Amino acid sequence: MVRIILLTDFSEEYAKNLLKGIARYSKGRGSWVLCKMPLSYRDMHEVEGVLEWALKWKADCIIAQFYNTDQVEIFRKNGIIAIAQDFKQRFTEILNITGAHYLAGQMGAHYFIKKGFQHFAYYGFKGVVWSEERCEGFRDEVEKYGWGGNFSEYQNIEFKDLWFYESAPLTEWLRTLPKPVAIMACDDNQGHHIIEACNQYGIKVPEEVAVLGVDNDEAVCTLSYPPLSSIHQAVEKGGYETAALIEKMMKDPDAAYEDVVVYPTHIVTRQSTDIYATDDKSISVVLKYIHQNIDKKMTVNDLLKLVPLSRRLLEARFRQVTSLSVYTYILNLRIQKFAEKLIYSKDTVVEIAMQMGFTDYKNISRQFKAIKGCTPSEYRLKRSVK
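A brief look at the structure comes next. (Residues numbered from 1 in each chain as written. Predicted model: local features only at pLDDT ≥ 70, side-chain atom pairs only at ≥ 80, totals over all residues. Heavy atoms only, no water.)

1. What about the environment of threonine 328?
Here's step 1: Summarising the element assignment, threonine 328 is placed in helix H13 (residues 326–344).
Here's step 2: A polar contact of 2.9 Å, which involves the side chain of threonine 328, links it to the side chain of serine 325. (Helix = DSSP H or I, 4+ residues; strand = E, 2+ residues; numbered from the N terminus. Polar contact = N/O pair within 3.5 Å; in protein donor to acceptor, adjacent residues only side chain to side chain.)

Here it is as structure tokens:
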């Protein structure tokens, strides 16, 4: 029997996915028992009180959002494996479930650069490892592409409670940013706050401010208006690896082990970033229509009805802005939407193709492979979120 205490915030999708990974590993491996301890218990009784309860319960391991002032080594001294879930700073005394935060920042920057943005900003917490490293990766990638002079960051907020933010300074910062601007938030909660502030003060999302979060917490992302795009992370895989690590450490407590690292996998595009940045007003209208109607069939003639341009001029200015023809841009965007549905939908590949308006499956499979380098079925298998 393996007895684990999970001391974390279960209102967050991250904790739920971590638990899913642990549960998946435990299948067929005997009895695994989990105690879901609320963070309020630690706040009321401090880490010594948590240890006292863990000993009474005969816990083998505790996975927790520890404060860095907590004397976490007391668990090991009492024969309990302690693993810290990323909260503020990594621990050196115990193992951590952490993330490739710098890589997530790079991913966010590259995503916005491909969308044509020339102004970038980052919003997060100071003194928090996952926020600061995401900012560093985002900033470094922006600088690598020559846009370092167009970067702004706001990390002056203290890390008190994840839900807390000051709307006035946030709004003032948003107003001072050059538009259109691409903002990466340190997580989905902060991305949601940015969108809320924009809505309150008439700042258009995504036309003026495009917003990207991290963690892909579906409840938070879909409650935002417009819905928040986010970087998905392989948290469930991290939970699976954590469970395997616990089992190994129980067999050999003195063995050397490395932290569990959760990697970002892909970006889920929702309306908060579903735009291509350009100062050409006619092409901006066309691009907005394309992004909002990508599940429908459309032709160049449909787009010509939106703007006072000839077909030749539309094609020329569109290529000048995006470096692609209208047809190629639409096809690439539809393939990307198709790829995202392959990961999240339980429908068959053929059913998803039909939903996207692709009637010739053999042809779309060939086009998909030309763009993504593999067939739709292979793409789904390789990028499983498990």
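Next, the rest of the story.
2. Section: the nonpolar core
Here's step 1: Counting 26 residues, the largest nonpolar core has Phe112, Phe117, Phe120, Tyr122, Phe138, Phe151 and Ile231 as its most contacted members.
Here's step 2: Counting residues per element, the ones that place at least two in this core are helix H4 (101–114), strand E6 (120–125), helix H5 (129–144), strand E8 (181–185) and strand E9 (209–214).
Here's step 3: Apart from the residues lying within four places of it in its own chain, the contact partners of phenylalanine 117 are Phe112, Trp147, Pro180, Val181, Ala182, Ala210, Ile275 and Ala277.
Here's step 4: Listed in part, the 24 residues of the second largest apolar core include Ile4, Ile83, Ala244 and Val260. (Core = buried A, V, L, I, M, F, W, Y, C linked by side-chain atoms within 4.5 Å. Buried < 20%, exposed > 50% of the residue type's maximum accessible area, 1.4 Å probe, protein only. Contact = heavy atoms within 4.5 Å.)

3. What to know about the pairing of strand E1 (residues 2–7)
Here's step 1: Of all six residues in E1, six are buried, a share of seventy percent or more.
Here's step 2: Here E1 shows no split at all, with Val2, Ile4 and Leu6 on one side and Arg3, Ile5 and Leu7 on the other all buried.
Here's step 3: Pairing geometry for E1 and strand E2 (residues 32–37), over six bridges, is parallel. The residue bridging leucine 6 from the neighbouring strand is lysine 36, located in E2.
Here's step 4: In the classification by handedness, the crossover that spans E1, the intervening helix H1 (residues 13–26) and the parallel E2 is right-handed.
Here's step 5: Examined bridge by bridge, E1 and strand E3 (residues 61–64) share four bridges and lie parallel to one another. The residue of E3 that forms the bridge with leucine 7 is alanine 64. (Pairing = 2+ DSSP bridges. Right-handed = clockwise from strand over helix to strand, strands pointing away.)

4. Some words on the packing of helix H6 (residues 167–176) against helix H7 (residues 188–200)
Here's step 1: It is at 10 Å that the axes of H6 and H7 come closest, and there the two elements cross at 75 degrees. In terms of their interaxial angle, H6 and H7 are classed as roughly perpendicular. Counted together, Leu170, Thr171 and Leu174 of H6 and His193, Ile194, Ala197 and Cys198 of H7 form the full contact between these two elements.
Here's step 2: Looking at side-chain class alone, the contact of H6 with H7 contains five nonpolar, two polar and no charged residues. (Axes fitted to C-alpha atoms, helices over the stretch in contact; angles between N-to-C directions. Parallel < 35°, antiparallel > 145°, perpendicular 65-115°, else oblique. Nonpolar A, V, L, I, M, F, W, Y, C, P; charged D, E, K, R; others polar.)

5. Quick word on helix H12 (residues 311–322)
Here's step 1: An ideal rise of 1.5 Å per residue puts 16 Å on twelve residues; H12 measures up with 16 Å between its terminal C-alpha atoms.
Here's step 2: Considered for burial, the residues of H12 that qualify are Leu314, Phe318, Val321 and Thr322. Across the axial projection of H12, the buried residues extend over an arc of 75 degrees, all falling on one side. For H12, exposure combined with an orientation more than 90 degrees from the buried face picks out Arg312 and Gln320.
Here's step 3: Backbone geometry just after H12 places serine 323 at a positive phi near 70 degrees. (Expected span 1.5 Å × (residues − 1). Arc of directions from axis to C-beta.)

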